[in-house]
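Residues per chain are reported as follows:
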Amino acid sequence: MSAEIIDGRKVAELVRASVREDVDQWVAKGNRAPFLQVVLVGDDPASIVYTGTKTKACKDVGIDTNTLVLQDTISAKELKGIIKDFNQDDSVDGILVQSPLPSHIPLYDVIETIDFRKDVDGFHPMNVGRLSVDQPCFRSCTPAGVMELFKHYSIPVKSKHAVVVGASNIVGSPMAVMLSRENSSGKATTTICHKYTRDLTQHTINADILVVAAGQPHLIKAEMVKEGVVVIDVGINRVADETSEKGYRLVGDVDFESVRKKASWITPVPGGVGPMTVAMLMKNTLLAAKKSLYPE
Ligand code: GUN
């Protein structure tokens, strides 16, 4: 068997095109364009790239955006004060604080300061909690993007055995909730593995759907999966590569070349899950502007 490739770039473009159309209609009705406020603290190179990608995507679909860049010496109190001002500002629909934050600022103090109705990342405990009780909420963009890929390719999830490797707040944990619950097209029997899991293969080998978000290059090898598995690789790891101009290349958490021979479907890295994250952020920002999830 050789797996069919899940084309995240293509599906992300379809999602963005649909958001673009909805934004046009929203504005044509006399509303102002949706507005996303991005907050970037410090000068972490990866965060600069990520926020740049997000704001470019916003412009592409007609969402207005601004990035407030703050010095990494800012205090938690000052940062929270700034966020409270954005909460009060009716011209701001979505607020995104790029993580990581400098180590002196507790991330969840900041996330909990964001009005959950503007939390387009879906990180606020109100949104996380509502996800886990099947209520309308902002859903974390990466796992929501994975669910969108299943939908697009009509990959069945219900009653399958899904195994998630990685239990982060942003990806693994909400991914497992979406896969298992009723309201996110889930209904899968779901296992969460993490760094404390004793024998990873014992779990991955039984997966009908395997989502890997562990941040370890080539963690998953062919002998760890069963024939016909659907593999979603959320990993984005830089590995040194002297043949590349940049001196590195991006690889996932899955040994793509060997695993693709056994899988029925697989996402590549890059071009798999990555583009979906940004597309789902656009979708969430539109939902925030329309107050679709939390009507007044
Ligand atoms: N840092 C890494 N991923 C993300 C994300 O999806 N949102 C935010 N705000 N920060 C991140």
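In this text the structure is predicted, and so the values were computed from the model without any measurement. (Residues numbered from 1 in each chain as written. Predicted model: local features only at pLDDT ≥ 70, side-chain atom pairs only at ≥ 80, totals over all residues. Heavy atoms only, no water.)

Q: In this structure, what is going on with the sheet that holds strand β3 (residues 64–70)? I would like to understand it.
A: Whether parallel or antiparallel, the strands of a sheet pair through hydrogen bonds between backbone atoms. As summarised here, the arrangement of the three strands in space is β3-β2-β4, forming an open sheet in which the pairing is parallel. In this open sheet, the two edge strands, each paired with only one partner strand, are β3 and β4 (94–97). Taking the axes of each pair of neighbouring strands and ignoring which way they run, one obtains an average angle of 15 degrees across the sheet. Across the sheet, helix α2 (residues 45–61) lies against β2 (35–41), β3 and β4, angled at about 170 degrees from β2, the strand it touches most. (Pairing = 2+ DSSP bridges. Helix = DSSP H or I, 4+ residues; strand = E, 2+ residues; numbered from the N terminus. Axes fitted to C-alpha atoms, helices over the stretch in contact; angles between N-to-C directions. Contact = heavy atoms within 4.5 Å.)

Q: Just to check I follow, could you spell out the packing of aromatic side chains for this structure?
A: Aromatic ring pairs are described here by two measures, namely the spacing of the ring centres and the angle between the planes. If you walk through the whole model with that rule in mind, you get three aromatic pairs. Both rings, one in Y153 and one in W265, keep their centres 5.1 Å apart while their planes meet at 55 degrees; by these two values the pair is tilted. Of the two residues, Y153 is situated in the loop between α6 (141–152) and β5 (161–165) and W265 in strand β11 (residues 265–266); the sequence distance between them amounts to 112 residues. Summarising the burial analysis for this pair, Y153 and W265 share the class buried. Through successive ring pairs, a cluster of aromatic residues spans F116, F138 and Y294. R238 extends its terminal NZ or CZ atom over the ring of Y248, reaching a point 4.2 Å from the ring centre. (Phe/Tyr/Trp six-rings, centres within 6.5 Å; stacked < 30°, edge-to-face > 60°. Buried < 20%, exposed > 50% of the residue type's maximum accessible area, 1.4 Å probe, protein only. Lys NZ or Arg CZ within 6 Å of the ring centre and 35° of its normal.)

Q: Is there a simple way to explain the site of the ligand in this structure?
A: In the region of the ligand, the neighbouring residues are K54, L96, V97, Q98, S99, D121 and F123. Separating a nitrogen atom of the ligand from a side-chain N or O atom of D121 is a distance of 2.6 Å. Protein contact buries 81% of the 280 Å² of open area that the ligand shows by itself. Its residues assigned to classes, the shell around the ligand comprises three nonpolar, two polar and two charged. (Near = heavy atom within 4 Å. Polar contact = N/O pair within 3.5 Å; in protein donor to acceptor, adjacent residues only side chain to side chain. Areas by Shrake-Rupley, 256 points an atom, 1.4 Å probe, with all protein chains shown as cover. Nonpolar A, V, L, I, M, F, W, Y, C, P; charged D, E, K, R; others polar.)

Q: Would you mind showing me how to read the environment of D22 here?
A: The residue D22 is located in helix α1 (residues 8–28) in this model. Considered as a pair, D22 and A176 are 154 residues apart in the sequence and their alpha carbons are 29 Å apart. Once residues lying within four places of it in the same chain are set aside, the contact partners of D22 are L286 and K290.

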